[in-house]
Amino acid sequence: DMKVTQMPRYLIKRMGENVLLECGQDMSHETMYWYRQDPGLGLQLIYISYDVDSNSEGDIPKGYRVSRKKREHFSLILDSAKTNQTSVYFCASSFHRGPYEQYFGPGTRLTVL
Amino acid sequence: KTQVEQSPQSLVVRQGENCVLQCNYSVTPDNHLRWFKQDTGKGLVSLTVLVHENDKTSNGRYSATLDKDAKHSTLHITATLLDDTATYICVVGDRGSALGRLHFGAGTQLIVIP
């Protein structure tokens, strides 16, 4: 059963705290992504990982970093979270080349107070 | 600047009615266009993908068209059900691989009432 999982599903943190969002996939996809979704906006790409330890900035990387030490796991880290990082975060994965389709996780709703 | 515009922003229909969702984009190149369904609090689930000029696809009660000349796509939902209540997101890919980027619309929120 092809699946992208995210943990936790809901998280409340105080401003200045560190945040770790985890993503896993069981499809042996090389490429994984982190997006955020805000009301009235399309999903915005934060980081992309083409394989283990091969990460690239997306369109809005500031304030975030990522870690990919195993192909099936991709972590998003917020060092000293800010209130404007309150959002819903989605992880996705895909094969590097065709057939090209991104599979999305269920999302993590992060609130930074 | 937003490169994928969806209309309407929201739509309320009665169960059993048909509806049409619109997507206009300015992404270049436009390798493919995909429609996703996002239930409240859930992830995105692919409904259909359109690749070629003047493509038409059908997936049960969902059908879609693509006009690459006009950079325009429509998603038709026939005989709506209460479970169709969701946000429908139009996404344009500028390449057919992970080397490209996906450009997301903000979505159309569809509400189906009894």
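Residues numbered from 1 in each chain as written. Chains lettered and ligands numbered in written order. Predicted model: local features only at pLDDT ≥ 70, side-chain atom pairs only at ≥ 80, totals over all residues. Heavy atoms only, no water.

(A) Main features of the overall build of chain A. Check the secondary structure of chain A and you find zero helices and eleven strands. Listed by position from the N terminus, the elements making up chain A come as β-β-β-β-β-β-β-β-β-β-β. In terms of overall size, chain A behaves like a compact globule, its C-alpha atoms giving a radius of gyration of 13 Å where 113 residues would be expected to give roughly 13 Å. Put simply, chain A has 113 residues, and 48% of those count as buried. Counted over contacts in chain A with a minimum sequence separation of 6, partners at least 24 positions apart contribute 54%. Side chains of chain A carry 14 positive and 13 negative charges; the gap between the two charge centres is 6 Å. (Helix = DSSP H or I, 4+ residues; strand = E, 2+ residues; numbered from the N terminus. Rg over C-alpha atoms; globule rule 2.2 N^0.38 Å. Buried < 20%, exposed > 50% of the residue type's maximum accessible area, 1.4 Å probe, protein only. Contact = heavy atoms within 4.5 Å. Lys, Arg positive; Asp, Glu negative; His and termini not counted. Charge placed at Lys NZ, Arg CZ, Asp CG, Glu CD.)

(B) Quick look at the packing of aromatic side chains. Under the definition given, this model contains eight aromatic pairs over all chains. Centre to centre, the rings of tyrosine 62 of chain B and tyrosine 88 of chain B are 6.3 Å apart; their planes meet at 45 degrees, and the pair counts as tilted. Of the two residues, tyrosine 62 of chain B sits in strand S7 (residues 62-67) while tyrosine 88 of chain B sits in strand S9 (residues 86-93), which places them 26 residues apart along the sequence. For tyrosine 62 of chain B, a relative accessible area of 12% translates into the label buried. A network of ring pairs unites the aromatic residues Tyr33, Tyr35 and Phe104 of chain A together with Phe36 and Phe104 of chain B as a single cluster. (Phe/Tyr/Trp six-rings, centres within 6.5 Å; stacked < 30°, edge-to-face > 60°.)

(C) Expanded view of the state of the cysteines. For the structure on display, the rule yields two disulfides over all chains. At a sulfur-sulfur separation of 1.9 Å, the disulfide partner of cysteine 23 of chain A is cysteine 91 of chain A. Torsion about the S-S bond of the cysteine 23 of chain A and cysteine 91 of chain A cystine: about -75 degrees, corresponding to left-handed handedness. Here cysteine 23 of chain A, found in strand S3 (residues 19-25), pairs with cysteine 91 of chain A, found in strand S9 (residues 87-94); they are 68 residues apart in sequence, far enough to count as distant. Both residues of the pair, cysteine 23 of chain A and cysteine 91 of chain A, belong to the buried class. Through a disulfide, cysteine 23 of chain B is tied to cysteine 90 of chain B; the S-S separation comes to 2.0 Å. The sign of the -70 degrees torsion about the S-S bond sets the cysteine 23 of chain B-cysteine 90 of chain B disulfide as left-handed. One end of the pair, cysteine 23 of chain B, is in strand S3 (residues 19-25); the other, cysteine 90 of chain B, is in strand S9, and 67 residues separate them in sequence. (Disulfide = S-S within 2.5 Å.)

(D) Structural detail: the side chain of serine 75 of chain A. With respect to the secondary-structure elements, serine 75 of chain A resides in strand S8 (residues 73-78). Apart from residues lying up to four places away in sequence, serine 75 of chain A is in contact with Leu20, Leu21, Glu22, Trp34, Arg65, Val66 and Ser67 of chain A.

(E) Expanded view of the environment of lysine 3 of chain A. Along the chain, lysine 3 of chain A turns up in the segment before strand S1 (4-7). Taking C-alpha positions, lysine 3 of chain A is 20 Å from glutamine 37 of chain A, a pair spaced 34 residues apart along the chain.

(F) Structural context of the interface of chain B and chain A. Facing 20 residues of chain B, the contacting portion of chain A comprises 27 residues. Here chain B packs against chain A, burying approximately 1,700 Å² in sum over the two surfaces, 56% of which is carbon and sulfur. Taken together, the links from chain B to chain A amount to two salt bridges. Glutamate 101 of chain A is the partner of arginine 34 of chain B in a salt bridge, and the nearest nitrogen-oxygen pair spans 3.7 Å. If you list the elements that add at least two residues to the side of chain B that touches chain A, you get strand S4 (32-38), strand S5 (44-50) and strand S10 (102-104) of chain B. The greatest single-element share of the side of chain B that touches chain A, amounting to four residues, is contributed by S4 of chain B. Here the residues of the side of chain B that touches chain A are counted per class, giving eight nonpolar, eight polar and four charged. (Buried area = accessible area lost by both parts, 1.4 Å probe. Salt bridge = Lys/Arg side-chain N within 4 Å of Asp/Glu carboxyl O. Nonpolar A, V, L, I, M, F, W, Y, C, P; charged D, E, K, R; others polar.)

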